[in-house]
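Coordinate inspection notes
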Amino acid sequence: MSFNRGREPREEAKMNKPKPKDKPFVIPKSMVWEAYRRVAANKGAPGVDGQALEEFEADLEGNLYKIWNRMSSGSYFPPPVRAVEIPKPHSPGTRMLGVPTIADRIAQSVVAAYLEPLVEPRFHQDSYGYRPGRSAHDALAVCRQRCWKYDWTIDLDVQKFFDTVPWDLVVRAVRSVTDCPWVLLYVKRWLAAPLQHPDGTLSERNKGTPQGSAISPSLANLFMHYAFDLWMARELSGCPFERYADDAIVHCKTRRQAELVLAGIAARMEEVGLRLHPDKTRIVYCKDSNRRGEHEHVSFTFLGYAFRPREAINGKTGKHFTAFSPAVSPEALKAKSDRLRDLRIHRRTDLSLDDLAEWLNPVIAGWMNYYGQHYRSALYPLLQRVSSYLRRWAGKKYKRLQTHKRFKRWWTGLLSRQPGLFAHWRWVRAY
């Protein structure tokens with residue numbers, strides 16, 4: 001009866017607990033330990049109890065035992081989920097996130113880990129969200145290739161998916177892959193857990209699954225597998241798609257086909273309790289040098305990238321042509337520009353140059369790694385703004401650099417001495 005502590009010199013930490021008898025559910029302690037490791041790696045904010053990860057770890061053995069004991073006995077009831085408004089990742093505006101407690105995230109991760117080997121072999125090859133070995137960049141690359149082959153796409157936007165997904169169909173989807181009683185029991189309890197707002201009020205829910213919980217991605221993927229992926233494969237096999245959670249792009253050969261497919265998908269979404277956003281769902285013409293005509297929509301945004309006609313150069317012939325290609329979207333660019341402004345780099349004169357680089361580089365490198373995969377030059381204006389803020393920082397930090405001539409001399413010398421100091425200097429070096 002032990003939990004492997006991992007961090008301790010000894011191999012195991014003994015628990016001073018009596019051996020439980022007649023537990024209704026058999027849940028290995030190793031699953032709880034592995035779930036904790038996942039949660040610890042992801043870190044995250046405290047839930048409604050205000051307990052941070054460090055506080056939970058102060059009595060790690062006892063806290064993990066409580067989770068295991070309660071889950072095994074069927075007496076685990078999730079606390080309310082803390083409601084937090086956060087900026088949208090690829091566009092301006094905010095979305096409501098549900099933040100469970102540390103203990104609840106571990107419990108949810110136990111169920112998610114149980115479901116993963118059962119659902120992964122079933123999932124469609126063009127489902128990319130929240131799956132091991134798959135990423136948003138994989139979905140974007142496939143989408144890019146298909147836009148060159150198919151003249152038309154449907155940009156699907158499921159309205160308020162995480163707020164409206166029906167519970168009964170979610171549970172039915174889970175039951176289709178397992179009849180494990182404790183998995184079904186806790187999925188139902190997590191679906192019904194109320195949201196607690198900053199003022200302390202509770203919102204009872206009768207549908208939806210809070211975005212941000214450890215179990216929500218698994219439930220969302222499983223639901224959409226049956227509601228969309230399998231339906232598309234069965235009814236519209238000639239129209240390939242890429243889906244990342246509730247975002248999807250469908251490819252069609254003709255405008256008429258796209259109209260019929262969209263009508264069919266809209267009806268299917270209504271059938272499973274969802275609704276396509278009437279303003280954000282649209283049919284798009286994928287125009288390139290080989291395609292002609294004027295159409296209402298010739299661009300769409302998918303996973304923070306804007307797909308539209310762009311000038312390109314043939315590497316072999318040097319000739320210019322039009323390619324329907326992705327680049328960081330204007331919405332994502334504005335969102336990151338707002339984030340850059342909020343960092344107030346020029347005011348952090350309390351930091352040394354090395355400390356400033358250590359603070360900024362993870363943020364800037366993250367933007368480069370995600371948005372620089374295609375048409376990276378579209379990201380350059382944002383990176384140049386970083387250098388502009390660095391000049392303002394240097395002028396405040398070192399009064400002698402306030403003139404342009406002195407700053408330029410200092411900047412040039414800095415680039416020469418430490419060419420890799422800031423992450424964005426790999427792409428944009430000159431001020």
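Residues numbered from 1 in each chain as written. Predicted model: local features only at pLDDT ≥ 70, side-chain atom pairs only at ≥ 80, totals over all residues. Heavy atoms only, no water.

Here the focus is the overall build of the protein chain. Within the protein chain, the secondary structure is distributed over 14 helices and 13 strands. By principal-axis analysis of the C-alpha atoms, the protein chain measures approximately 75 × 65 × 45 Å. By residue count, 49% of the 431 residues in the protein chain fall in the buried class. When contacts within the protein chain are restricted to residue pairs at least 6 apart in sequence, those whose partners lie at least 24 apart make up 70%. Accessible surface, the protein chain: about 21600 Å² in total, of which carbon and sulfur atoms supply 49%. The distance from the centre of the 69 positive side-chain charges to the centre of the 45 negative ones in the protein chain is 7 Å. (Helix = DSSP H or I, 4+ residues; strand = E, 2+ residues; numbered from the N terminus. Buried < 20%, exposed > 50% of the residue type's maximum accessible area, 1.4 Å probe, protein only. Contact = heavy atoms within 4.5 Å. Areas by Shrake-Rupley, 256 points an atom, 1.4 Å probe, with all protein chains shown as cover. Lys, Arg positive; Asp, Glu negative; His and termini not counted. Charge placed at Lys NZ, Arg CZ, Asp CG, Glu CD.)

The next point concerns the nonpolar core. Ranked by size, the top nonpolar core spans 74 residues in total, and within it M71, I106, W182, F223, F228, V250 and I265 carry the most contacts. Among the elements that make up this core, the one with the highest residue count is helix α9 (residues 216-235) (9 residues). Aside from chain neighbours lying at most four places away, what touches F228 is L156, F241, R243, A248, V250, I265 and M269. Counting residues in hydrophobic clusters, the runner-up holds 53 residues, among them Y128, Y244, Y305 and L421. (Core = buried A, V, L, I, M, F, W, Y, C linked by side-chain atoms within 4.5 Å.)

Before going further, it helps to spend a moment on the confidence of the model for the protein chain. Summarising the model, the protein chain shows a mean pLDDT of 90, and 93% of its residues fall at 70 or more. Across the protein chain, the secondary-structure element scoring lowest on mean pLDDT is strand β2 (residues 13-14), at 42, and the one scoring highest is helix α10 (residues 255-271), at 98. Contacts for the low-pLDDT stretch residues 5-16, under 50 throughout, to residues beyond four places or in other chains number 20 contacts. (pLDDT = per-residue confidence, 0-100.)

Examined against the element boundaries, V39 turns out to sit in helix α1 (residues 29-42). A relative accessible area of 4% means that V39 is categorised as buried.

Position of Q373 relative to the elements: it lies in the loop between α12 (353-371) and α13 (380-397). Put simply, Q373 and R268 are 105 residues apart on the chain and 34 Å apart in space, counted from C-alpha to C-alpha. The residues contacting Q373, other than those within four sequence positions of it, are H137, Y305 and M368. Separated by 3.1 Å, the side chain of Q373 and the backbone oxygen of N369 make a polar contact. (Polar contact = N/O pair within 3.5 Å; in protein donor to acceptor, adjacent residues only side chain to side chain.)

So, about helix α3 (residues 60-73). Under the 1.5 Å per step criterion, the end-to-end length of α3 is 20 Å for 14 residues, consistent within 8% with the ideal 20 Å. Of all 14 residues making up α3, 10 are buried, and the element is well covered by its neighbours. Of the residues making up α3, those classed as buried are L60, E61, G62, N63, L64, Y65, I67, W68, M71 and S72. Phi for G74, located one or two positions after α3, is positive at around 80°. (Expected span 1.5 Å × (residues − 1).)

This brings us to the sheet that holds strand β3 (residues 81-87). What links the strands of a sheet is backbone hydrogen bonding, and the strands pair in either a parallel or an antiparallel sense. The strand order across the open sheet formed by 4 strands is β4-β3-β6-β7, and the pairing between neighbours is mixed. Each having just a single partner strand, β4 (94-99) and β7 (202-203) make up the two edges of the open sheet. (Pairing = 2+ DSSP bridges.)

Here we take up helix α11 (residues 330-343). Over its 14 residues, α11 extends 20 Å from the first C-alpha to the last, a length consistent with the 20 Å expected when each residue adds 1.5 Å. Listed in full, the buried residues belonging to α11 are A332, A335, K336, S337, D338, L340 and L343. Taken together, the buried residues of α11 touch β13 (320-328), α12 and α13. R344 lies just past α11 and shows a positive phi near 50°.

All right, on to the sheet that holds strand β10 (residues 282-285) then. Spatially, 4 strands are ordered β8-β9-β5-β10 in an open sheet, and the strand pairing comes out antiparallel. Only two strands of the sheet have a single neighbouring strand rather than two, namely β8 (241-244) and β10. Adjacent strand axes in the sheet meet at a mean angle of 20°, parallel and antiparallel pairs treated alike. Pairing geometry for strand β5 (residues 152-157) and β10, over 4 bridges, is antiparallel. Bridge pairing links W152 to Y285 in β10. Here α10 sits on the sheet and contacts β5, β9 (247-252) and β10; the angle it forms with β5, its principal contact strand, is near 20°. (Axes fitted to C-alpha atoms, helices over the stretch in contact; angles between N-to-C directions.)

Take the pairing of β5 next. As a general feature of sheets, a regular strand has side chains that alternate between the two faces. Of all the 6 residues making up β5, 5 are buried; the element is thus mostly covered by neighbouring parts of the structure. Where β5 meets β9, 6 bridges bridge the pair, whose relative direction is antiparallel. Residue pairing for β9: D155 is matched across the bridge by I249.

Following the criterion strictly, the structure yields 21 aromatic pairs and no others. Ring geometry for Y76 against Y186: centres 6.0 Å apart, planes inclined by 75°, an arrangement best described as edge-to-face. On the criterion of sequence distance, the pair formed by Y76 in the loop between α3 and β3 and Y186 in helix α8 (residues 181-192) is long-range, its members being 110 residues apart. The two residues Y76 and Y186 agree in class, both being buried. Aromatic ring contacts, followed pair by pair, group W393, Y398, F407, W410, W411, F422 and W425 into a single cluster. Over the ring of Y128 we find R134, and its NZ or CZ is 5.3 Å from the ring centre. (Phe/Tyr/Trp six-rings, centres within 6.5 Å; stacked < 30°, edge-to-face > 60°. Lys NZ or Arg CZ within 6 Å of the ring centre and 35° of its normal.)

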